[in-house]
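Structural characterization, general
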Amino acid sequence: MTVPPEQPPSIPPPPEPPASGGEGHAPASDAPAAGARWARLPRLAVLAVGVVLGAAVTGGCWLAVSLADGDASPAGEAFGTRGTLTLADSSFSLLAEGEDCTGLDGYSDIQRGAQVNVTGANGTLVATGELQGGKKTALGCEFPFAIEGIPQGSKFYTVEVSHRGGLTQTEDELRSGGLAFTLGND
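Residues numbered from 1 in each chain as written. Predicted model: local features only at pLDDT ≥ 70, side-chain atom pairs only at ≥ 80, totals over all residues. Heavy atoms only, no water.

This paragraph deals with the overall build of the protein. If you tally the helices and strands in the protein, you get three helices and nine strands. Sequence separation of 24 or more characterises 61% of the internal contacts of the protein that already satisfy a separation of 6 or more. When the accessible area of the protein is evaluated, it comes to approximately 12,600 Å², of which 59% is carbon and sulfur surface. (Helix = DSSP H or I, 4+ residues; strand = E, 2+ residues; numbered from the N terminus. Contact = heavy atoms within 4.5 Å. Areas by Shrake-Rupley, 256 points an atom, 1.4 Å probe, with all protein chains shown as cover.)

In structure tokens:
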């Protein structure tokens, strides 16, 4: 008795695509594996999906780092502060106490609406306010300001009016208000 030689198993050929007169898609029951689906997409579409996913991951990492450095806080945990900027200049001596005034010449940026910025310990802008209208006082022209929405938890904060340099304060100092900037030489 002779034993027939062992034959490899027979693998049927892949099915022929349906004859539809053009490039067609196989019915859903013959859908290729997920990896093959990506291969059928245009490269630009795959690139766009990759960019969107990359941006989402980057944004999530940025948010986690921002929350970890102590300059951001959960909603509802913010506070405000108040202060003044006094422009000490002899040009205001002719004005009566309480009269409206504004910065002149080299101080023309000191006026109603000038921005007041608050940055956290890492230098990130965390809140803004603006100067109110100036009034003549015994010390010069005084501009009050108020800043709301300062997130708690930073090691310190720097408050800067216009581009004139800032005062660095702790959270407790800011909460108590009473910030006092003075510009000028009188």
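What follows deals with the pairing of strand E3 (residues 115-119). Bridging between E3 and strand E4 (residues 125-131) involves five bridges; their strand directions are antiparallel. Following the sheet pairing, asparagine 117 is matched in E4 by threonine 128. Count of turn residues in the E3/E4 antiparallel hairpin: five residues, of which glycine 123 carries a positive phi of about 90 degrees. Pairing of E3 with strand E7 (residues 157-161) involves four bridges; the strand directions are antiparallel. Bridge pairing in E7 places threonine 119 opposite threonine 158. (Pairing = 2+ DSSP bridges.)

Per the counting criterion, the structure on display carries one disulfide. Between the sulfur atoms of cysteine 101 and its disulfide partner cysteine 141 the distance amounts to 1.9 Å. Since a negative S-S torsion denotes a left-handed disulfide, the cysteine 101-cysteine 141 link at about 100 degrees is right-handed. Linking cysteine 101 in strand E2 (residues 100-101) with cysteine 141 in strand E6 (residues 140-151), this pair joins segments that are 40 residues apart in sequence. No difference in accessibility class separates cysteine 101 from cysteine 141, as the two residues are buried. (Disulfide = S-S within 2.5 Å. Buried < 20%, exposed > 50% of the residue type's maximum accessible area, 1.4 Å probe, protein only.)

Attention now moves to the confidence of the model for the protein. Detailed reading of the predicted coordinates is not advisable wherever pLDDT falls low. A residue-level look at the protein finds 61% of positions with pLDDT of 70 or above and a mean pLDDT of 78. Counting contacts from residues 68-75, a segment whose pLDDT is below 50, to residues more than four positions away or on other chains yields 17 contacts. (pLDDT = per-residue confidence, 0-100.)

This paragraph deals with unusual backbone geometry. Residues other than glycine seldom take positive phi values, yet aspartate 105 does so here, at roughly 50 degrees. Among the secondary structure elements, aspartate 105 is positioned in the loop between E2 and E3. Although it is not a glycine, serine 162 sits at a positive phi angle of roughly 55 degrees. Note on placement: serine 162 falls in the loop between E7 and strand E8 (166-169).

What follows deals with the side chain of threonine 86. As for its position among the elements, threonine 86 is in strand E1 (residues 78-88). In this view, threonine 86 contacts Leu139, Gly140, Cys141, Glu142, Phe181, Thr182 and Leu183; residues no more than four positions away in its chain are not counted.

With that settled, consider the nonpolar core. By size, the foremost hydrophobic cluster in this structure holds 24 residues, and its most contacted members are Leu85, Ile110, Val118, Leu131, Ile147, Ile150 and Val159. Mapped onto this core, the elements with two or more residues apiece are E1, E3, E4, E6, E7 and strand E9 (179-184). Residue contacts for leucine 131: discarding those within four places in its chain leaves Leu85, Ile110, Gln111, Arg112, Gly113, Ala114, Val116, Phe143, Pro144, Phe145 and Val161. (Core = buried A, V, L, I, M, F, W, Y, C linked by side-chain atoms within 4.5 Å.)

Following the criterion strictly, the structure yields two aromatic pairs and no others. Judged by centre distance (5.9 Å) and plane angle (85 degrees), the ring pair of phenylalanine 79 and tyrosine 157 falls under edge-to-face. Highlighted residues: phenylalanine 79 in strand E1 and tyrosine 157 in strand E7, separated in sequence by 78 residues. Residue classification places phenylalanine 79 among the buried residues on the basis of a relative accessible area of 6%. (Phe/Tyr/Trp six-rings, centres within 6.5 Å; stacked < 30°, edge-to-face > 60°.)

We now examine the side chain of lysine 136. Mapped onto the elements, lysine 136 comes out in strand E5 (residues 134-137). It is glutamate 97 that comes nearest to the buried, bridge-free lysine 136 among opposite-charge side chains, at 4.8 Å. (Lys, Arg positive; Asp, Glu negative; His and termini not counted. Salt bridge = Lys/Arg side-chain N within 4 Å of Asp/Glu carboxyl O.)

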